[in-house]
Amino acid sequence: MNIKRNIIFALESRKKNGVPIVENVPIRMRVIFASQRIEFTTGYRIDISKWDADKQRAKNGSTNKLKQSAAEINTDLLKHYAEIQNIFKEFEVQEVMPTTQQLKEAFNMRMKTSEEQPEEAPVSFWEVFDKFVKECGNQNNWTASTYEKFAAVRNHLKEFKEDVTFEYFNEFGLNEYVNFLRDKKDMRNSTIGKQMGFLKWFLRWSFKKEYHQNIAYDTFKPKLKTTSKKVIFLTWEEDPWDRQ
């Protein structure tokens, strides 16, 4: 079994009063696999000016606020990389595709990290949706009809699954929503396509805002069923053209 993955070290994107923070920024290890994304803290921080984004390492000769050298930081980042690779290899040998939780637990156990920063309380799916409508509506000068369309999208999603989460919309969840729109809402394929386009827009926006790490939407293509038209053959007596 071969689990395709991408391991990236990058500085956390943070803002204060709308202004990007450029000093003492946390270094994160981002792991992307099976349409999922998970981020780990590394325990290190550094100024943006001292970070080489192309090499994904601290610039040689630099130090951070705690006087930790680039050599020290980069050596530990390499350990992080090696450990996560080893964990993936173990799952591959077992022929098991890990969940993000299994991967995180295995990594934290290996690293025995005590510097894991407490995560902020997650914002609910519906709060993020409302922020999306407000922000995109203002930026794009939405018309009243566009606001109505997204109000309808919200209602459909709420009716589909009131306790829905971003993690739910993997390939299975997206297909279930398509089935709901077709079977429960009796929508035509063209309408379903538009509804999924609206949902993808929201999921893409919320991903960029780092409200979730699920990127299944990016490659999802709705499996829309087509129905063949029923052909009705008229008898000789029923065909009006043959009576003229």
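Quick note: structure is the one above.
Note that this is a predicted model, so its numbers are computed, not measured. (Residues numbered from 1 in each chain as written. Predicted model: local features only at pLDDT ≥ 70, side-chain atom pairs only at ≥ 80, totals over all residues. Heavy atoms only, no water.)

Trainee: Looking at this structure, I do not really get the sheet that holds strand 1 (residues 5–11). What am I missing?
Mentor: Sheets are built from strands that pair by backbone hydrogen bonding, the pairs being arranged parallel or antiparallel. Strand order in the open sheet made by the three strands is 1-4-5, with antiparallel pairing throughout. With one partner strand each, in any of the chains shown, strand 1 and strand 5 (36–46) form the two edges of the open sheet. Within the sheet, the average angular offset between the axes of one strand and its neighbour, ignoring direction, is 20 degrees. Contacts from helix 1 (residues 70–93) reach strand 1, strand 4 (25–33) and strand 5 within the one sheet, and its direction differs from that of strand 1 by about 155 degrees. Of the strands in this sheet, strand 4 and strand 5 are in contact with helix 2 (residues 100–111), which crosses strand 5 at around 30 degrees. (Pairing = 2+ DSSP bridges. Helix = DSSP H or I, 4+ residues; strand = E, 2+ residues; numbered from the N terminus. Axes fitted to C-alpha atoms, helices over the stretch in contact; angles between N-to-C directions. Contact = heavy atoms within 4.5 Å.)

Trainee: What is the right way to look at the pairing of strand 4 in this model?
Mentor: Regular strands place their side chains on alternate faces of the sheet. For strand 4, a buried count of eight out of nine residues is recorded, marking the element as mostly surrounded by other parts of the structure. As paired elements, strand 1 and strand 4 share seven bridges and run antiparallel to each other. Bridged to Asn6 within strand 4 is Ile32. Here strand 4 runs beside strand 5; their pairing, made up of eight bridges, is antiparallel. Its bridge partner lying in strand 5, Val25 is registered against Ile46. Between the end of strand 4 and the start of strand 5, which pair antiparallel, lie two residues, with Ala34 showing a positive phi angle near 50 degrees. (Buried < 20%, exposed > 50% of the residue type's maximum accessible area, 1.4 Å probe, protein only.)

Trainee: I would appreciate a short explanation of the packing of aromatic side chains in the present structure.
Mentor: When we look at a pair of aromatic rings, we describe it by the centre distance and by the angle of the planes. Scanning the model with the defined rule gives 27 aromatic pairs in all. Relative to Phe202, the ring of Phe129 has its centre 4.9 Å away and its plane inclined at 65 degrees; by these criteria the two rings are edge-to-face. Placement of Phe129 in helix 3 (residues 125–140) and of Phe202 in helix 6 (residues 189–208) is noted, with a sequence separation of 73 residues between them. Classification of Phe202 by relative accessible area gives buried; the value is 0%. Centroid distance Phe169 to Tyr177: 6.2 Å. Interplanar angle 75 degrees. Geometry classified as edge-to-face. Both residues of the pair, Phe169 and Tyr177, belong to the buried class. Sitting over the ring of Trp126, Lys158 keeps its end group 4.6 Å from the ring centre. Over the aromatic face of Tyr168 sits the side chain of Lys161, whose NZ or CZ is 5.0 Å from the ring centroid. (Phe/Tyr/Trp six-rings, centres within 6.5 Å; stacked < 30°, edge-to-face > 60°. Lys NZ or Arg CZ within 6 Å of the ring centre and 35° of its normal.)

Trainee: Quick question: what am I supposed to make of the packing of helix 3 against helix 6 here?
Mentor: Each packed pair of helices is defined by two parameters, the angle between the axes and the distance between the axes. Contact geometry of helix 3 with helix 6 gives a least axis separation of 10 Å together with a crossing angle of 95 degrees. Relative to helix 6, the element helix 3 lies roughly perpendicular. Side by side, helix 3 and helix 6 meet where Phe125, Val128, Phe129, Lys131, Phe132, Glu135, Cys136 and Asn140 of the first sit next to Trp201, Phe202, Trp205 and Ser206 of the second. Its residues assigned to classes, the contact of helix 3 with helix 6 shows eight nonpolar, two polar and two charged. (Parallel < 35°, antiparallel > 145°, perpendicular 65-115°, else oblique. Nonpolar A, V, L, I, M, F, W, Y, C, P; charged D, E, K, R; others polar.)

Trainee: Hey, could you run me through the nonpolar core in this one?
Mentor: Most often, soluble globular proteins have nonpolar side chains that are buried together. Ranked by size, the top nonpolar core spans 32 residues in total, and within it Leu157, Phe169, Tyr177, Met196, Leu199 and Phe202 carry the most contacts. For this core, the secondary structure elements donating two or more residues are helix 3, helix 4 (144–160), helix 5 (171–184) and helix 6. At eight residues, the largest contribution of residues to this core is made by helix 6. Discounting residues that sit within four places of it in the chain, Phe202 has contacts with Phe125, Val128, Phe129, Phe132 and Phe166. (Core = buried A, V, L, I, M, F, W, Y, C linked by side-chain atoms within 4.5 Å.)

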